[in-house]
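Each chain, written out:
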Amino acid sequence: MTSSYSIPQKQWTIIIYMSAESDLLYDSFEVFNEIAEIGSSYEVNILVVFDGIAIEELPEYKQFPAVYYVQKGNVFQWAKPLIAYTDPAMEDLSKPENWKRIFEFINSRYPAEHTAFIYTGHGGALQTDVSDGAFLALIFYRDFELVGSEEEKNEQIEKWLKKKIRAYNKKHKTKYEYDGYDAMDGERNVVLGIFRGKNNGRILTFPILKEVLGTNPSGKFAFLCLDCCWGMSTESSLLFKDEAEYLVASTDEMPSTGLGYKEFLLNLIKRPRIKPKELSNLLVSLYFSRNYADYESSPDFSHMGVSLTCTDLRQPVIEQVSDLLAKFSEYVADNISDLHLTIYRALHACKDYTYADPEDYAVYNIDFIWFLENVIHFNKRTGHGHSIKVLDKDLHILATNLIISIKMFLIKGFLGNNYPEPKLGEQHLGARGITITFPLNEEGYEGSALKELNLPGINEWKVLLQKFYPYYAENKMMILKLISAFKAENLEWSEEKDLELKNKLNISLPFTELDLQRPFIPYKWERFKIENK
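Here the residue numbers are simple positions, counted from 1 along each chain's written sequence. Confidence filtering applies because this is a predicted model: local features only for residues at pLDDT of at least 70, side-chain atom pairs given and counted only at 80 or more, and all residues used for totals across whole chains, interfaces and linings. Side-chain figures throughout are based on the complete set of non-hydrogen atoms in the structure, without hydrogens or water.

*Asks:* What is the right way to read unusual backbone geometry from this model?
*Replies:* Glycine aside, the phi torsion of most residues is negative, and most peptide linkages are trans. The linkage connecting Gln315 with the following residue, Pro316, adopts the cis geometry, with an omega of 5°. Only DSSP runs of H or I covering at least 4 residues are called helices, and only runs of E covering at least 2 are called strands; the numbering of each starts at the N terminus. When you line up the elements, Pro316 lands in the loop between strand 14 (306-312) and helix 8 (317-334). Phi angles above zero are rare outside glycine, and Trp230 is one such case at about 60°. Mapping Trp230 onto the fold places it in the loop between strand 12 (221-227) and helix 5 (234-239). Of note, Ala431 is a non-glycine position whose phi angle comes to about 55°, a positive value. With respect to the helices, strands and loops of the structure, Ala431 is situated in the loop between strand 18 (411-417) and strand 19 (435-439). Working definition: with a 1.4 Å probe on protein chains only, accessible area under 20% of the residue-type maximum means buried, over 50% means exposed, and in between means partly exposed. Judged by relative accessible area, which is 14%, Ala431 ranks as buried.

Here you go:
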């Protein structure tokens, strides 16, 4: 006998992937429970893929990657998975073939008119923290007393965890090193140790995530949401164009509690026939209303911004942006001998969204629109009677067209807070809603995920960077020589002294007082003295 029964199709299936093996483990439990406050409905399927972690307080079936169908009130402590993948080959969720099995299972049981994918966890430079052994997270219960100052207590915890990982390596024949820890209870009684593998493990980079999403049998996702730090960039928008209609992510850091899942799911269940564009933008506004003051949660965050962006990944928008990026990059690369100072000074006006010295990462994650605005700014000169002269009209047109395309068509929604109002030519984050990777030097480029991307527009951008680096090094040394001369003679800046020293040192670049007051990051004067003593 045959059956004509088919599973009824709902309006939405929301797949939320939670990365467990990190210091966000307990935050993941809270997010799961927040989702369970709403749960699935007659028109909406809510599924959580939890990648599992081997800790004593979890039952064995929760120590493996598993799929959960979230129903109202079904908190993580009591939730039972639809399926747990105990096969050792399935433990690595950085492999697309493993996700293919998961997507096939979900699609066979929970078909929907629209399917969306949300990743929640740590983010980095075009990557997540999901790995096959690059990282290891283990929970330990402290059985000794901490004494001394906070710094001394930290040292005692670190020494204890290094001893623990040596014992673990000996037992399991692995090669992990101590990387950091998180006090799970705030008192360091329960400690989550983070360890990094000595062997280069496979990490779920954004290019691999693209492969993962491409295994979904139901086709393109309605939207992809990266609930992690630094997920929104020009590269990620161009990268995921074939896997999702919209991308929702932040250029900045994200709160550990995430988007605001309760509000998001409550609105979705009230309006299950909402369109993908509307729902993607709703995520932006709901996140903002919940987290706009997250910078007040700790004095450590007071200087940070809060933002979320939605970009349109559909044609012809993406094709137009990539084409204009390619034309801009090709023009600058072909004329770099004339334009290198303009690019240098525009880069000078950008801050890194990691809020750290860029040399810590060797990658400069800058606001792309702010960079382009400064390219236009430094491509002008004030003449007699305060008249403005555009130095290179083609550069002006190319940069302007690219800004218009990104702001009017690519970015569909953006909200940000706690960002100082930028002034052209001065150093700021920019806070325009989308970044681009600008490695500081050749070494930074070689170590970045940008190098592995093969995308129209980004390929031309990479050529621009390669042609710029020799000029960058030359400009850097010239300004350092000038700063060194001023400092050595204990001189205050003046136009007369500036000209005198430039002639003496054979420096022809038109540096300004502003350049001397804040030398190009990270080449600070104190570091320069140490490196060149």
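*Asks:* Would you explain the state of the cysteines in this entry?
*Replies:* Working definition: the covalent bond between the sulfur atoms of two cysteines is a disulfide. Put simply, a disulfide is two cysteine sulfurs that come within 2.5 Å. The full count for this structure, using the stated rule, is zero disulfides. Looking at Cys225, it has no disulfide partner, and the nearest cysteine sulfur is the one in Cys228, 8.5 Å off.

*Asks:* So what exactly am I meant to see when it comes to the confidence of the model for the chain here?
*Replies:* Low-pLDDT stretches of the model should not have their predicted coordinates read in fine detail. You can read pLDDT as the predictor saying how much it trusts each residue, on a scale of 0 to 100. Looking at the chain, pLDDT values average 84 and 84% of them are 70 or higher. Confidence drops under pLDDT 50 across residues 1-5; counting only partners more than four residues distant or on other chains, this segment forms zero contacts. The contact criterion used is simple: two residues touch if any of their non-hydrogen atoms lie within 4.5 Å. Ignoring residues within four places in sequence, the model shows residues 512-533, a span with pLDDT below 50, making 43 contacts including any to other chains.

*Asks:* I would appreciate a short explanation of the nonpolar core in the present structure.
*Replies:* Nonpolar side chains tend toward joint burial in soluble globular proteins. Think of a nonpolar core as a cluster: buried Ala, Val, Leu, Ile, Met, Phe, Trp, Tyr and Cys residues, connected wherever their side-chain atoms sit within 4.5 Å. One finds Phe117, Phe328, Phe371 and Trp461 to be the most contacted residues of the largest nonpolar core, which totals 88 residues. Considering each element in turn, this core owes the most residues, nine residues, to helix 8. Not counting residues within four places of it along the chain, the set of residues in contact with Phe117 comprises Ile15, Tyr17, Trp99, Phe103, Leu209, Leu213, Phe221, Phe223, Leu224 and Cys225. Core analysis: the next-biggest nonpolar cluster, separate from the first, contains 52 residues, Val31, Ile38, Ile118 and Cys225 among them.

*Asks:* I tried to follow a positive patch on the surface on my own but got confused; where do I start?
*Replies:* Patch membership requires over 30% relative accessible area and the absence of a salt bridge. Like charges are linked within 9 Å, and nonpolar side chains (Val, Leu, Ile, Met, Phe, Trp, Tyr) within 5 Å. The method behind every accessible area is Shrake-Rupley, applied with a 1.4 Å probe, and residues are considered shielded solely by the protein chains displayed. Any Lys or Arg side-chain nitrogen located within 4 Å of an Asp or Glu carboxyl oxygen qualifies as a salt bridge. Note that His is not counted, nor are the chain ends; the positive residues are Lys and Arg, and the negative ones are Asp and Glu. Note on charges: their place is set at NZ of Lys, CZ of Arg, CG of Asp or CD of Glu. On the surface, Lys159, Lys162, Lys163, Lys164 and Arg166 cluster together to form a positively charged patch. One can find Lys164 in helix 3 (residues 150-172). Relative accessible area serves as the criterion here: at 32%, Lys164 is assigned to the partly exposed category.

*Asks:* What is the right way to look at the packing of aromatic side chains in this model?
*Replies:* In this description, a pair of aromatic rings is defined by centroid distance and the angle of the planes. Pairs were defined over the aromatic rings of Phe, Tyr and Trp, the Trp ring being its six-membered one, requiring ring centres within 6.5 Å. Orientation was assigned from the angle between planes: stacked under 30 degrees, edge-to-face over 60, tilted for the rest. Scanning the entire structure with this criterion turns up 27 aromatic pairs. Taken together, a centroid distance of 5.7 Å and an interplanar angle of 85° make the contact between Phe32 and Tyr68 edge-to-face. In this pair, Phe32 sits in helix 1 (residues 25-36) while Tyr68 sits in strand 3 (residues 66-69), placing the two residues 36 residues apart along the sequence. Clustering of aromatic rings is evident, with ring pairs tying together Tyr17, Trp99, Phe103, Phe117, Tyr119 and Phe221. Counting as a charge over the ring demands two things of the Lys NZ or Arg CZ atom: a distance within 6 Å of the ring centre and an angle within 35 degrees of the ring normal. One Lys or Arg, Lys62, reaches over the ring of Phe76 and ends 4.3 Å from the middle of that ring.

*Asks:* Honestly, the side chain of Thr115 in this entry has me stumped. Any pointers?
*Replies:* Here Thr115 shows up in strand 5 (residues 112-120). Ignoring sequence-local partners within four residues, the contact set of Thr115 consists of Thr13, Ile15, Ser218, Phe221, Ala222 and Phe223.

*Asks:* Explain the pairing of strand 13 (residues 244-249) here, please?
*Replies:* Every regular strand shows the same layout, with side chains that alternate between the two sheet faces. By the criterion of burial, strand 13 is predominantly enclosed, with five of the six residues buried. Pairing between strands requires that DSSP locate at least two bridges from one strand to the other. Two strands pair when backbone bridges link them, and strand 12 and strand 13 are joined in this way by five bridges, in the parallel orientation. Across the sheet, the residue bridging to Phe221 is Ala244, located in strand 13. With respect to chirality, the unit in which strand 12 leads through helix 5 into the neighbouring parallel strand 13 is right-handed. With four bridges connecting them, strand 13 and strand 14 associate as antiparallel partners. The partner of Ala249 across the bridge, within strand 14, is Thr309. For the handedness criterion, the strands are oriented away from the viewer, and a crossover whose path from the first strand over the helix to the second runs clockwise is classed as right-handed.

*Asks:* Mind showing me how you'd approach helix 8 here?
*Replies:* Two residues of an α-helix separated by three or four positions point the same way, owing to the 3.6 residues in each turn. A helix is expected to reach a length of 1.5 Å times the quantity of its residues less one. Taking 1.5 Å of rise per residue, the 18 residues of helix 8 would be expected to cover 26 Å, and the 26 Å separating its terminal C-alpha atoms lies within 8% of that figure. If you check which residues of helix 8 are buried, you get Val317, Ile318, Val321, Ser322, Leu324, Leu325, Ala326, Phe328, Ser329, Tyr331, Val332 and Ala333.

*Asks:* What's the story with the pairing of strand 10 (residues 190-197) in this structure? I'm lost.
*Replies:* Strand 10 sits mainly inside the fold: seven of its eight residues count as buried. Pairing of strand 9 (residues 176-183) with strand 10 involves seven bridges; the strand directions are antiparallel. Each bridged residue has a counterpart across the sheet, and for Ala183 the counterpart in strand 10 is Val191.

*Asks:* What's the story with the packing of helix 8 against helix 11 (residues 393-410) in this structure? I'm lost.
*Replies:* Each pair of packed helices gets described by two things: the angle between the helix axes and the distance between those axes. Lines are fitted to the C-alpha atoms to define the axes, a helix being fitted only along its stretch in contact, and any angle between axes, read from their N-to-C directions, falls within 0 to 180 degrees. Two elements in contact, helix 8 and helix 11, have axes separated by 9 Å at closest approach and are oriented at 155°. One finds that helix 8 runs roughly antiparallel with respect to helix 11. For the crossing formed where helix 8 meets helix 11, the hand is left-handed. Of helix 11, the residues touching helix 8 (which contributes Val317, Ile318, Gln320, Val321, Leu324, Leu325, Lys327, Phe328, Tyr331 and Val332) are Asp394, Leu395, Leu398, Ala399, Asn401, Leu402, Ser405, Ile406, Phe409 and Leu410. Gly is put with the polar residues, along with every residue not named as nonpolar or charged; the nonpolar set is Ala, Val, Leu, Ile, Met, Phe, Trp, Tyr, Cys and Pro, and the charged set is Asp, Glu, Lys and Arg. Looking at the contact of helix 8 with helix 11, its residues break down into 15 nonpolar, three polar and two charged. Between 65 and 115 degrees an angle is taken as roughly perpendicular, under 35 as roughly parallel, over 145 as roughly antiparallel, and anywhere else as oblique. Two helices cross in a left-handed way if the nearer one is turned anticlockwise from the farther one by less than a right angle. They cross in a right-handed way if the turn is clockwise.

*Asks:* It is not clear to me how the sheet that holds strand 4 (residues 83-84) should be interpreted in this structure. Could you clarify?
*Replies:* Strands in a sheet are paired, the pairing made by backbone hydrogen bonds, and the direction either parallel or antiparallel. Strand order in the open sheet formed by nine strands is 4-3-2-1-5-12-13-14-18, and the pairing between neighbours is mixed. The sheet is open, and its two borders are formed by strand 4 and strand 18, each paired with just one other strand. Pairing analysis gives two bridges linking strand 3 to strand 4, with the strands arranged antiparallel. Its bridge partner being in strand 4, Val67 is matched across the sheet by Ile83.

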